[in-house]
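Architecture and fold: a report
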Amino acid sequence: MKTKEDFLLDVRAAIKRNQVVLMMLHNTETGEFSEYSNDYGIDFDEILSDFVEMPFIGHIPISKAFEEWQDYFENPDEAEIYGFELDDGEVQMAILDCFIKP
């Protein structure tokens, strides 16, 4: 199992090689659900610094993963999804097997 630091380093490396990193946020208070990726022009370096301070849940088993991951993984059981706690919800994040075209 990866530590928070190992996972964040993997995310940075994936971004540098133009691999898609997807982040899903769920706000339990409002029920809102959002998806973001480095494909949308978001400055992930700035966002990743916030994750250093967040409580790390670790690897998310498919039974606790958001349903929407099924749209991104052919076999969700093999997905490497990691989670972070928010004050009002949870963030789940994964490195996908696809790349952003330069």
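Residues numbered from 1 in each chain as written. Predicted model: local features only at pLDDT ≥ 70, side-chain atom pairs only at ≥ 80, totals over all residues. Heavy atoms only, no water.

What to know about the sheet that holds strand β2 (residues 33-37)
The strand order across the open sheet built from five strands is β2-β1-β5-β4-β3, with neighbouring strands paired in antiparallel fashion. The sheet is open, and its two borders are formed by β2 and β3 (56-59), each paired with just one other strand. The average undirected angle you get between the axes of adjacent strands in this sheet is 20°. (Pairing = 2+ DSSP bridges. Helix = DSSP H or I, 4+ residues; strand = E, 2+ residues; numbered from the N terminus. Axes fitted to C-alpha atoms, helices over the stretch in contact; angles between N-to-C directions.)

Description of unusual backbone geometry
The residue N18 is not glycine, and still its phi comes out positive at about 65°. With respect to the secondary-structure elements, N18 resides in the loop between α1 (4-16) and β1 (19-27).

Description of the nonpolar core
If you look at the biggest cluster of nonpolar residues, it comprises 15 residues, and the most contacted ones within it are F7, V11, V21, L48, F51, F84 and M93. Going through the elements one at a time, α1, β1, α2 (44-53), β4 (81-86) and β5 (89-99) are the ones with two or more residues in this core. Tallying contributions element by element places α1 first for this core, with five residues. Ignoring sequence-local partners within four residues, the contact set of F7 consists of K2, F56, Y82, F84 and M93. Judged by nonpolar contacts, the second largest core, of 12 residues, contains V20, M24, W69 and A94. (Core = buried A, V, L, I, M, F, W, Y, C linked by side-chain atoms within 4.5 Å. Buried < 20%, exposed > 50% of the residue type's maximum accessible area, 1.4 Å probe, protein only. Contact = heavy atoms within 4.5 Å.)

Examining the pattern of salt bridges
What the rule picks out here adds up to one salt bridge. Residues D10 and K2 are paired through a salt bridge, measuring 2.4 Å at the closest nitrogen-oxygen approach. (Salt bridge = Lys/Arg side-chain N within 4 Å of Asp/Glu carboxyl O.)

A few points about a negative patch on the surface
Residues D43, E46, D50 and E53 make up a contiguous surface patch of negative charge. In this fold, D43 is placed in the loop between β2 and α2. (Patch = residues over 30% accessible without salt bridge, like charges linked within 9 Å, V, L, I, M, F, W, Y side chains within 5 Å. Areas by Shrake-Rupley, 256 points an atom, 1.4 Å probe, with all protein chains shown as cover. Lys, Arg positive; Asp, Glu negative; His and termini not counted. Charge placed at Lys NZ, Arg CZ, Asp CG, Glu CD.)

Remember, this is a structural readout, not a statement about activity or role.
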